[in-house]
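What follows is the residue order along each chain.
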Amino acid sequence: MPEPLLTVSGVHKSYAGSPVLRPVSFVLTPGAVTVLTGPSGSGKSTLLMIAGGWEAPDGGEVTAHPPLPGGPLGAISWRHAGFVPQSVGLLDELTIAENLAFAARLGGPDGRRRVTGLLGALDLGDLADRLPAEVSGGERQRAAVGRALAAGPSLVLADEPTSHQDSARTGLVLDALRAAADRGAAVLVASHDPAVARHADRTVTLDSAHPVHDAG
Ligand SMILES: Nc1ncnc2c1ncn2[C@@H]1O[C@H](COP(=O)(O)OP(=O)(O)OP(=O)(O)O)[C@@H](O)[C@H]1O
């Protein structure tokens, strides 16, 4: 069993005194896909942001071994942490291929080959030259998955990356994430989708920060 790449230890967060993430501890290991589940509002997105260093926890620690190089703002650099935001967030003025190529530039000389492979693997080959506004929501989401993987990061953080996919395309997204793990990335996927959970090597379940009380 490889050593963990990232150790999350007792991390928790509140906003305005109200807990949004209960204390959670787990490790992410190179080669493994870990699926993060939990009720809506249990803090999955918040935890992904904390894991990548884009948000600070109120307590607990996230430690990388060896330390992952930081970008100028203190988060893990995009070269090392590939992120699929729930909001997708492609650059509107660039084509689908250019969005991937832009990220791939961070990943060295294999970038162009990696982009071509990802476009094919994510069923985006015919859409490569379209702008994000000219493709569907699911296609934009798959492009965001491709962008996250294009630099060959050692850590992949994906927030609901199959929420706009049919079952066949869910399989393509899961295969792409699995391929990233197979080449040594530690992959963390937040998802409500049972198909994603079935694909997990490990599952981390968050407790509800705000339990829903039965009105009756
Ligand atoms: N900037 C913020 N200020 C205040 N509250 C916030 C902020 N960001 C998130 N929250 C709250 O924190 C809680 C956790 O949000 P988060 O998006 O992490 O949950 P989630 O598990 O990803 O939810 P979902 O499954 O619905 O996407 C929610 O109750 C949300 O309203």
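Just so we're clear, the structure is a prediction, and the values are computed from it rather than from any experiment.

Caption draft 1: Inspection of the overall build of the chain at higher detail. Check the secondary structure of the chain and you find six helices and eight strands. Counting from the amino terminus, the chain carries its helices and strands in the arrangement β-β-β-α-β-β-α-α-α-β-α-β-α-β. Once the C-alpha set of the chain is aligned to its principal axes, its extents read approximately 50 × 45 × 35 Å. In the chain, which comprises 216 residues, the share counted as buried stands at 47%. Once local pairs closer than 6 in sequence are excluded, the contacts in the chain between residues at least 24 apart make up 73%. Carbon and sulfur atoms make up 54% of the accessible area of the chain, which totals about 10,200 Å².

Caption draft 2: Molecular detail of helix 5 (residues 167-182). The first and last C-alpha atoms of helix 5 sit 22 Å apart over 16 residues, in line with the 22 Å expected at 1.5 Å per residue. The set of residues buried in helix 5 consists of Thr170, Val173, Leu174, Ala176, Leu177, Arg178, Ala180 and Ala181. Those residues of helix 5 that are buried lie in contact with strand 3 (33-37), helix 4 (137-150), strand 6 (155-159), strand 7 (186-190) and helix 6 (194-198). If you check the start of helix 5, you find a side-chain oxygen 3.2 Å away from the backbone N of Ala168, and it comes from Asp166. Positive phi shows up at Gly184, right after helix 5, with a value of about 115°.

Caption draft 3: Molecular detail of the pairing of strand 3. When you tally the buried positions in strand 3, you get five out of five residues, the bulk of the element. Where strand 3 and strand 7 come together, four bridges link them in parallel fashion. By the bridge assignment, Thr34 is partnered in strand 7 with Leu188.

Caption draft 4: A look at the side chain of Thr170. Mapped onto the fold, Thr170 is located in helix 5. In contact with Thr170, not counting residues within four places along its chain, are Thr162, Gln165, Asp193 and Ala195.

Caption draft 5: Structural context of unusual backbone geometry. In this model, Val88 sits at a positive phi of 70°, which is unusual for a non-glycine residue. Phi at Asp123 takes a positive value of approximately 55°, unusual for a residue other than glycine. Its place among the elements puts Asp123 in the loop between helix 3 (111-121) and helix 4.

Caption draft 6: Spatial organisation of the layout of surface pockets. For the largest pocket, the calculated volume is near 390 Å³. Lining the largest pocket are 15 residues; nearest its centre among them are Trp78, Phe102, Ala103, Leu106 and Arg147. Sorting the residues of the lining of the largest pocket by element identifies strand 5 (81-84), helix 2 (96-104) and helix 4 as the ones contributing at least two each. When grouped by side-chain class, the residues that make up the lining of the largest pocket number eleven nonpolar, three polar and one charged.

Definitions and cut-offs
Residues numbered from 1 in each chain as written. Predicted model: local features only at pLDDT ≥ 70, side-chain atom pairs only at ≥ 80, totals over all residues. Heavy atoms only, no water. Helix = DSSP H or I, 4+ residues; strand = E, 2+ residues; numbered from the N terminus. Buried < 20%, exposed > 50% of the residue type's maximum accessible area, 1.4 Å probe, protein only. Contact = heavy atoms within 4.5 Å. Areas by Shrake-Rupley, 256 points an atom, 1.4 Å probe, with all protein chains shown as cover. Expected span 1.5 Å × (residues − 1). Polar contact = N/O pair within 3.5 Å; in protein donor to acceptor, adjacent residues only side chain to side chain. Pairing = 2+ DSSP bridges. 1 Å grid on protein atoms, 1.4 Å probe; cavity = no way out; pocket = protein on both sides within 12 Å on 5 of 7 lines; lining within 4 Å. Points joined across faces, edges and corners; volume = space filled by probe spheres on them. Nonpolar A, V, L, I, M, F, W, Y, C, P; charged D, E, K, R; others polar.

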